[in-house]
Amino acid sequence: MSLRLPRPPWIVGHRGAAGEAPENTLASLALALEQGADMIEIDVQLTADGGLVVFHDESLERLAGSDLRTESVDRAALAALRVGSFGGQAIGIPGLGEAIAALPADCPLNIELKRQSAATARLAAGLVEQVEGRCQVLVSSFDWPLLEEVRRLGPTLPLALLIDDLNAPDAASSLVAAADRLEAWSIHVSAKAAEAALRGLASGPRPVICYTVNDAIRAQELFSWGVSGVFTDFPGRLRLALGLSPGPQFH
């Protein structure tokens with residue numbers, strides 16, 4: 001239930017290298033890898049016929065040239081998502097299996113699960129089946145009941161709880177309690193959270209990773225508070241600005 005990562009601070013490629021390539025595409029993953037990301041994050045959803053695809057949005061309206069633009073991922077068939085263009089490039093939505101195959105086995109991969117109307121048990125089961133046998137996988141979600149089902153089906157999978165608003169009453173204590181219950185490996189929090197809340201979480205037993213940070217000054221401030229890593233759209237640029245070693249780390 002752990003990952004092999006270098007010593008912090010960690011630079012995590014957000015949806016690959018989303019600032020320089022179409023997000024969540026194989027091209028974006030390859031660029032993040034080339035730029036020396038310590039870990040790569042992607043979004044994964046369940047299709048109507050039980051496939052798992054790498055896509056962030058609730059709707060498919062950004063998939064230009066497709067008849068499915070008014071649909072959501074979980075109402076579309078896997079094969080139908082292989083057509084159209086995204087981010088100005090003629091490219092279909094990759095399947096999770098393709099994304100995993102495109103990365104070296106020792107490259108840590110953070111899979112953020114997105115669930116709309118898909119059945120929790122079906123999504124969790126599909127995910128666990130797909131990643132079984134790959135050691136460097138971290139599964140995260142804002143949907144904590146979904147993570148509970150993933151934990152039940154994949155008891156050794158590293159998990160990460162996502163939270164957006166740490167300033168709500170009892171948010172931090174609820175987060176820590178849930179992380180303890182699920183034996184979470186890490187906690188992923190908005191970089192907009194208050195300093196006191198982030199320092200408090202960072203003093204705990206789990207790494208804290210903040211999203212989404214493209215500014216080196218902000219990243220350095222977060223690291224000084226004890227935050228272990230940041231998600232960024234520009235992993236290469238941020239590594240360079242922070243004086244971290246550039247270039248591929250995984251082969």
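Please read these numbers as outputs of a predicted model, since none were measured by experiment. (Residues numbered from 1 in each chain as written. Predicted model: local features only at pLDDT ≥ 70, side-chain atom pairs only at ≥ 80, totals over all residues. Heavy atoms only, no water.)

*Asks:* Any chance you could explain the overall build of the protein chain here in plain terms?
*Replies:* Each helix and strand counted, the protein chain has eight helices and 11 strands in total. Relative to the compact-globule value of 18 Å for 251 residues, the protein chain shows a C-alpha radius of gyration of 17 Å, a close match. Seen through its principal axes, the protein chain has C-alpha atoms that stretch 50 × 40 × 35 Å. If you take every contact in the protein chain between residues at least 6 apart in sequence, the share linking residues at least 24 apart comes to 61%. Put simply, the protein chain shows about 10,600 Å² of open surface, and 52% of that area lies on carbon and sulfur atoms. Side-chain charges in the protein chain split into 20 positive and 30 negative, and the spacing between the mean points of these groups amounts to 3 Å. (Helix = DSSP H or I, 4+ residues; strand = E, 2+ residues; numbered from the N terminus. Rg over C-alpha atoms; globule rule 2.2 N^0.38 Å. Contact = heavy atoms within 4.5 Å. Areas by Shrake-Rupley, 256 points an atom, 1.4 Å probe, with all protein chains shown as cover. Lys, Arg positive; Asp, Glu negative; His and termini not counted. Charge placed at Lys NZ, Arg CZ, Asp CG, Glu CD.)

*Asks:* Would you explain the packing of aromatic side chains in this entry?
*Replies:* Aromatic ring pairs are reported here in terms of the distance separating the ring centres and the angle at which the planes meet. In this structure the tally under the stated criterion is two aromatic pairs. Residues Trp10 and Trp185 carry aromatic rings whose centres are separated by 5.8 Å and whose planes lie at 20° to one another, so their mutual orientation is stacked. Within this pair, whereas Trp10 is found in strand E1 (residues 10-14), its partner Trp185 is found in the loop between helix H5 (171-182) and strand E9 (186-190), the two being separated by 175 residues in sequence. Residue class for Trp185 comes out buried when judged on its relative accessible area of 14%. (Phe/Tyr/Trp six-rings, centres within 6.5 Å; stacked < 30°, edge-to-face > 60°. Buried < 20%, exposed > 50% of the residue type's maximum accessible area, 1.4 Å probe, protein only.)

*Asks:* Explanation requested: the side chain of Arg239 in the structure shown.
*Replies:* Mapped onto the elements, Arg239 comes out in helix H8 (residues 235-242). Exposure remark for Arg239: the relative accessible area of 4% places this residue in the buried category. Among all residues touching Arg239, those that are not within four sequence positions of it are Ile11, Gln35, Gly36, Asp38, Leu244, Ser245, Pro246 and Gln249.

*Asks:* Help me out: how do you make sense of unusual backbone geometry in this one?
*Replies:* Across residues other than glycine, the phi torsion is negative in most instances, and most of the peptide bonds are trans. Cis geometry marks the peptide bond from Pro8 to Pro9, where omega comes out at 10°. Residue Thr212 is reached from Tyr211 by a cis peptide bond, and omega for that bond is -25°. Mapped onto the elements, Thr212 comes out in the loop between strand E10 (208-211) and helix H7 (216-224). In this structure, Asn24 takes a positive phi of about 60° despite not being glycine. Checked against the element boundaries, Asn24 lands in the loop between E1 and helix H1 (26-34). Phi at Asp170 takes a positive value of approximately 65°, unusual for a residue other than glycine. By secondary structure assignment, the location of Asp170 is in the loop between strand E8 (159-163) and H5.

*Asks:* Honestly, H5 in this entry has me stumped. Any pointers?
*Replies:* For an α-helix the count is 3.6 residues per turn, leaving residues at separations of three or four pointing the same way. Under the 1.5 Å per step criterion, the end-to-end length of H5 is 16 Å for 12 residues, consistent within 8% with the ideal 16 Å. The complete set of buried residues in H5 reads Ala171, Leu175, Ala178, Ala179 and Leu182. Buried residues of H5 fall within an arc of 100° about the axis and therefore sit on the same side. Following H5 by one or two positions, Glu183 has its phi on the positive side, about 50°. (Expected span 1.5 Å × (residues − 1). Arc of directions from axis to C-beta.)

*Asks:* When you look at the pairing of E1 in this model, what are you seeing that I'm missing?
*Replies:* Regular strands show a simple pattern: their side chains alternate between the two faces of the sheet. With five of five residues buried, E1 lies mostly within the body of the structure. Side chains of E1 alternate between two faces, with Trp10, Val12 and His14 and Ile11 and Gly13 buried alike. Bridge count between E1 and strand E11 (residues 229-232): four bridges; the pairing is parallel. Bridge pairing links Ile11 to Val230 in E11. Strand direction decides the pairing type here: E1 and strand E2 (residues 39-46), joined by three bridges, are parallel. Each residue of the ladder has a partner; that of His14, found in E2, is Glu41. (Pairing = 2+ DSSP bridges.)

*Asks:* Before we go on, may I ask you to explain the pattern of salt bridges in this structure?
*Replies:* Oppositely charged side chains may form a pair once their charged atoms are brought near each other. This model, assessed by the stated rule, comprises 10 salt bridges. Across the pair Glu23 and Arg15 runs a salt bridge, and its minimum N-O distance is 3.1 Å. By relative accessible area, which is 13% here, Glu23 ends up buried. Given the relative accessible area of 14%, Arg15 is considered buried. Of the charged contacts, one joins Asp180 and Arg206 as a salt bridge, the two residues approaching to 2.9 Å between their closest N and O atoms. Pair noted here: Asp180 is in helix H5 and Arg206 is in the loop between helix H6 (195-202) and E10, with a separation of 26 residues, a long-range link. (Salt bridge = Lys/Arg side-chain N within 4 Å of Asp/Glu carboxyl O.)

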